[in-house]
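Architecture at a glance
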Amino acid sequence: VPPKSPSWVDSVHSWQQIQINSSEDRLLFPYKELVEYGKDCAKHGVKAIQLTGWNAGGQDRGNPSHDTDPRLGTAKDLREAIEACREMNVEVILFNKYTWSDSSSEWYRKELYRYATRDPYGDTYRYGGYPYDTPAQLSDINTRKLVGMCTACAAWREIAVKEFRKSIDLKAGGILQDELGWHGPGGFYCFSPDHGHPVPTFVFSGDKLLGEAFRKEIDSNRFLMAGESPWDLQTRFWRLSYFRLWSAEQRPIQRYVDPYLPMMIAVTGWNDRQMINRALVYRYLISYEPYNFKGRLDDFPLTIEYGKKIDALRRRYRAHLWDAEFRDKVGASVTTGGKPHPQYAVYVNQTTLQRAVAIANPSDSAEMLFEVDLPKARHLSLVTPEAPDPRDFSGLLNIPAESKAVVLEL
């Protein structure tokens, strides 16, 4: 049963991710200037901003602290900027993280070490941290080492809830909890005798309790709980899944588990038609991230304009491409050169049983000819992002390089 969430979450929409500060003190702009990014989003019809690195020290530094950073402004500055964005119909979603503690912090050294996940020998499970961009980090000289925290420990959950409330107090539209789907190398079980849980305990069992505790703090109709790659159990509490695709081939397992789960992928390229096409095939939301989430939407006009066309197509044919059930390749076949084509998906409207087939050409240079077969099909129509008005379709289809087409039963 999906958790209650703001109504906009289940509609066709897109996000922008912005890293306002890195762990190496690359302060991008003060909180007050977030309004300018909100104006960009309003201009391009982007619904939400995921604000990363807004906490003191920047992204992946000082975990689990979710205090604002005085170098970027005051909590009042951020709260007012969030409200100004909301007035433009743009929500601000704050990046949160509760998987780790930053072992270089005084808070960890004085207190938080008590709640760390421990192995059978009493040692903590540690992770090497994230060397992002500076020479010192890339050489792993000053990378902040991270220690996995035990969500099965009630005392740790109390600390996490206290930090979580800070995002609520900022009047954010929600959070996106990073690294929700894992607990670090080897940290699936905790053997600590001091956490008040059986020894050993499966740490993911604590995630359910943490999700329940967070949910008690929010107005579910107004506040979104999203996360990076939540497992199916976790989607009972965290409604939206964010992740990145690296491989050209993909099996959308989570889409099999829940055909309607809001799932979002990062789009980073200057003309990232390939990734946007996969968003349409697999019913993914688009997260625009120019300059690896350090730029403005107008920095990649080709990407943003193509993404807007894809979303416009999905809105127009929402009953066929958004509210319909994802069936992967069941119900239709698509071949090219006599061989099965990998990049297509079938959607079925559960009321009318009409099918839609979304087909992508993954070639970066060549037009491809496809043969599309829908057994016992009714009248078939063809639509594309560039030509959204339906026209008759006979079974053969030419799609230009890095482009998209949808065959519909209308």
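In this report, the structure presented in the accompanying data block is examined. (Residues numbered from 1 in each chain as written. Predicted model: local features only at pLDDT ≥ 70, side-chain atom pairs only at ≥ 80, totals over all residues. Heavy atoms only, no water.)

Another aspect to go through is helix α1 (residues 34–44). Here α1 has its buried residues at Leu-34, Val-35, Tyr-37, Gly-38, Asp-40, Cys-41 and His-44. The inward-facing, buried residues of α1 abut β1 (14–19), β2 (48–52), α2 (75–87), β3 (91–96) and α10 (301–316). Backbone geometry just after α1 places Gly-45 at a positive phi near 75°. (Buried < 20%, exposed > 50% of the residue type's maximum accessible area, 1.4 Å probe, protein only. Helix = DSSP H or I, 4+ residues; strand = E, 2+ residues; numbered from the N terminus. Contact = heavy atoms within 4.5 Å.)

The next point concerns the sheet that holds strand β10 (residues 224–228). In spatial order, the strands read β1-β2-β3-β7-β10-β11-β12-β13; together these eight strands close into a barrel with parallel pairing. For this sheet, the mean inter-axis angle between neighbouring strands, taken without regard to orientation, is 30°. In the packing of α1 onto the sheet, the strands contacted are β1, β2 and β3, and the crossing angle to β2 comes to about 145°. On the sheet, α10 packs against β1, β12 (263–267) and β13 (284–288) and is oriented at approximately 155° with respect to β13. (Pairing = 2+ DSSP bridges. Axes fitted to C-alpha atoms, helices over the stretch in contact; angles between N-to-C directions.)

Attention now moves to the sheet that holds strand β6 (residues 146–148). Pairing between the strands of a sheet comes from backbone hydrogen bonds, and it takes one of two forms, parallel or antiparallel. Read across the sheet, three strands follow the order β4-β6-β5 without closing on themselves; strand pairing throughout is antiparallel. Of all the strands in the sheet, the pair left with one neighbour each is β4 (100–102) and β5 (126–127). Two strands pair when backbone bridges link them, and β5 and β6 are joined in this way by two bridges, in the antiparallel orientation. Bridge pairing links Arg-126 to Val-147 in β6.

Enumeration according to the criterion identifies 29 salt bridges in this entry. A salt bridge links Arg-239 to Asp-10; its shortest N-O distance comes to 3.1 Å. Here the residue Arg-239 occupies a position in the loop between β10 and β11 (240–243), and Asp-10 occupies one in the segment before β1, the gap between them amounting to 229 residues. In this structure Arg-239 comes out as buried when scored by relative accessible area, which is 6%. Given a relative accessible area of 29%, Asp-10 falls into the partly exposed group. Where Glu-212 meets Lys-208, a salt bridge forms, and the shortest distance between an N and an O atom there is 2.8 Å. Residue Glu-212 and its partner Lys-208 are both found in helix α6 (residues 204–217); the two are separated by four residues, about one turn of the helix. Here Lys-208 falls in the partly exposed class, since its relative accessible area comes to 28%. Within the structure, one salt-bridge network assembled from shared partners comprises Asp-25, Arg-61, Asp-69 and Arg-71. (Salt bridge = Lys/Arg side-chain N within 4 Å of Asp/Glu carboxyl O.)

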